[in-house]
Amino acid sequence: MRILLKNCDILSYRDGNYETIRGGALSVLDDTIEYIGTEAPAGNLDRVLDLDGAMVLPGLVNTHCHAAMTLLRGVGSGLPLQNWLFDTVFPIEDRLTPALVKAGGDLALLEMIASGTTSFSDMYFFPMEMAESVLASGIKANICRPVQSFDPSETPDQCFRIGEAAELFRRYHNAGNGRLRVDFCIHAEYTCTPQVVEAASALCQEHGGRMHIHLSETESEHQACIRKYGKTPARWFYDLGTFDSPTAAAHCVWVTEEDLALFQEKGVSPIHDPASNMKLGSGYAPIRRMLDLGLNVALGTDGAASNNNLNLVEEMHLAALLHNGYHRDPTMLQPEDVFRMATLNGARLQGREDTGALAVGKKADLIAVSTQAPHMMPAFEAIPTAVYTMQGSDVVLNMVDGQVLYENGQFLTLDAEKIKADFRQALRELYPR
């Protein structure tokens, strides 16, 4: 299949730098970008898409979410994290079933695809339901089964979650020609015991996997770990072998300089979740310091219960503004810093070196963004426009591995009306009157 995108401004990437090609053309052969330039390439084409001056950008990568938490969108608003989580979220999650999680996850796919996400990292229960939905939808994802253990006497052999994580990896890792990848996951220091963390970490390393965790999201979490173990959460995970595998650490709001040195040593990728951190009053992660240290900082939405959406465009906007305002320095985070966090850095965190930018030979994971709405005029520079001006609703095309998933408001791989109906039924089951 050979597809041409024409009459568009293309944010191309070469030798580490971005360049906007005005009124350009981009062709895709099967799942790969084969040409970017000012003129249409020669040869036969199966389809031509005239994009009417739209911007063509790399697809966005949401590196931390709990997709099926669309079922809990906004619950517990106004509570601090520990009360929100233990008093509101966990009791509802105890009632979840595979069918309910599928309904919530499918709605999340609609939301992410329509707002420009081409790949996401998901941490939630019943991940096999999400695995099947990802394969059907055409999107890319790194999914995992979170490991938790609240009983100090529970041995790793007794922790059924570890076995489920291994089975998920065996069944689904690299399914869909690599679109679906399976990571390992330890939910957090405060929801797991050292012996289980050590075993789960060893299992990840044994399989050559990647690890996804929550880390130092709140000051109370961070300080409680120090009181309990005499060390920060980062040092605790480091000592238990978690960082011996490529690790994605969500939040990292309260990390110390010593923690960041451990990240440098082990190549840990911090995930910035600005909307969730502000809504829950967690604080501001030291993103500029992380970038200056050369850490691979990526961007995530977190779940819809603490955001309340899965729109990574909004996360770019918030990340670009809040640090400059908080530090009273408009140069603290540049638009390109944030854009890389949402694209190239996210792809790197997921272990996907063949995507994250528009370049010949990269996978055709891209979005087209209309510039026709009043708020998008004029679109002088692609990256500042994407970070400061663009809305998720401006996305008019979403393509993953050369397959069009979404075009001009229409979902081409998912039955949106059925998904919405199933979601409404799931809400009636989860919240009976």
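Structural data are supplied above this passage.
Given the structure is predicted, the values throughout are model-derived calculations rather than measurements.

Caption draft 1: Looking closely at the sheet that holds strand 13 (residues 247-251). Reading across the sheet, the 6 strands line up as 9-11-12-13-14-15 and stay open at both edges, with parallel pairing between neighbours. Edge strands, defined here as strands with exactly one partner in the open sheet, are strand 9 (146-147) and strand 15 (298-299). Here 2 bridges tie strand 14 (residues 269-272) to strand 15, and the two strands are oriented parallel to one another. In the strand pairing of strand 15, isoleucine 271 is matched with alanine 298.

Caption draft 2: Inspection of the layout of surface pockets at higher detail. Considering only enclosed or pocket space, the largest pocket measures out at about 290 Å³ in volume. Looking at the largest pocket, the residues that line it are Phe90, Glu93, Asp94, Leu96, Phe125, Phe126, Arg145, Gln148, Phe150, Phe160, Arg161 and Glu164. Elements with a minimum of two residues in the lining of the largest pocket: helix 1 (81-93) and helix 4 (160-172). A total of 3 residues in the lining of the largest pocket trace back to one element, the largest contributor, which is helix 4. Class assignment for the residues of the lining of the largest pocket results in 6 nonpolar, 1 polar and 5 charged.

Caption draft 3: The side chain of threonine 242, seen in detail. Relative to the elements of secondary structure, threonine 242 occurs in the loop between helix 7 (233-239) and strand 13. Leaving out residues up to four positions away in the same chain, threonine 242 has contacts with Ile186, Val197, Ser201, Met211, Ile213, Phe237 and Thr247.

Caption draft 4: Geometry of the packing of aromatic side chains. Overall, the coordinates contain 12 aromatic pairs when judged by the stated rule. Between the aromatic rings of phenylalanine 86 and phenylalanine 90, the centroid separation amounts to 5.0 Å while the plane-to-plane angle is 80 degrees, which identifies the pairing as edge-to-face. Highlighted residues: phenylalanine 86 and phenylalanine 90, both in helix 1, separated by 4 residues, approximately one helical turn. Judged by centre distance (6.4 Å) and plane angle (55 degrees), the rings of phenylalanine 86 and tyrosine 190 are tilted. Of this pair, phenylalanine 86 sits in helix 1 while tyrosine 190 is found in the loop between strand 11 (184-186) and helix 5 (194-206), placing the two residues 104 residues apart along the sequence.

Caption draft 5: Just the sheet that holds strand 6 (residues 60-65), in detail. Sheet architecture is open: 4 strands sit in the order 6-7-8-10, paired in parallel fashion. Strand pairing shows two members of the sheet lacking a second neighbour, strand 6 and strand 10 (180-182), which therefore form its edges. Pairs of neighbouring strands in the sheet enclose a mean axial angle of 10 degrees, with direction left out of account. Pairing of strand 7 (residues 117-123) with strand 8 (residues 140-144) involves 5 bridges; the strand directions are parallel. Along strand 8, the bridge assignment pairs serine 119 with lysine 140. Contacts from helix 3 (residues 127-137) reach strand 7, strand 8 and strand 10, with the element oriented near 170 degrees to strand 8.

Calculation rules
Residues numbered from 1 in each chain as written. Predicted model: local features only at pLDDT ≥ 70, side-chain atom pairs only at ≥ 80, totals over all residues. Heavy atoms only, no water. Pairing = 2+ DSSP bridges. Helix = DSSP H or I, 4+ residues; strand = E, 2+ residues; numbered from the N terminus. 1 Å grid on protein atoms, 1.4 Å probe; cavity = no way out; pocket = protein on both sides within 12 Å on 5 of 7 lines; lining within 4 Å. Points joined across faces, edges and corners; volume = space filled by probe spheres on them. Nonpolar A, V, L, I, M, F, W, Y, C, P; charged D, E, K, R; others polar. Contact = heavy atoms within 4.5 Å. Phe/Tyr/Trp six-rings, centres within 6.5 Å; stacked < 30°, edge-to-face > 60°. Axes fitted to C-alpha atoms, helices over the stretch in contact; angles between N-to-C directions.

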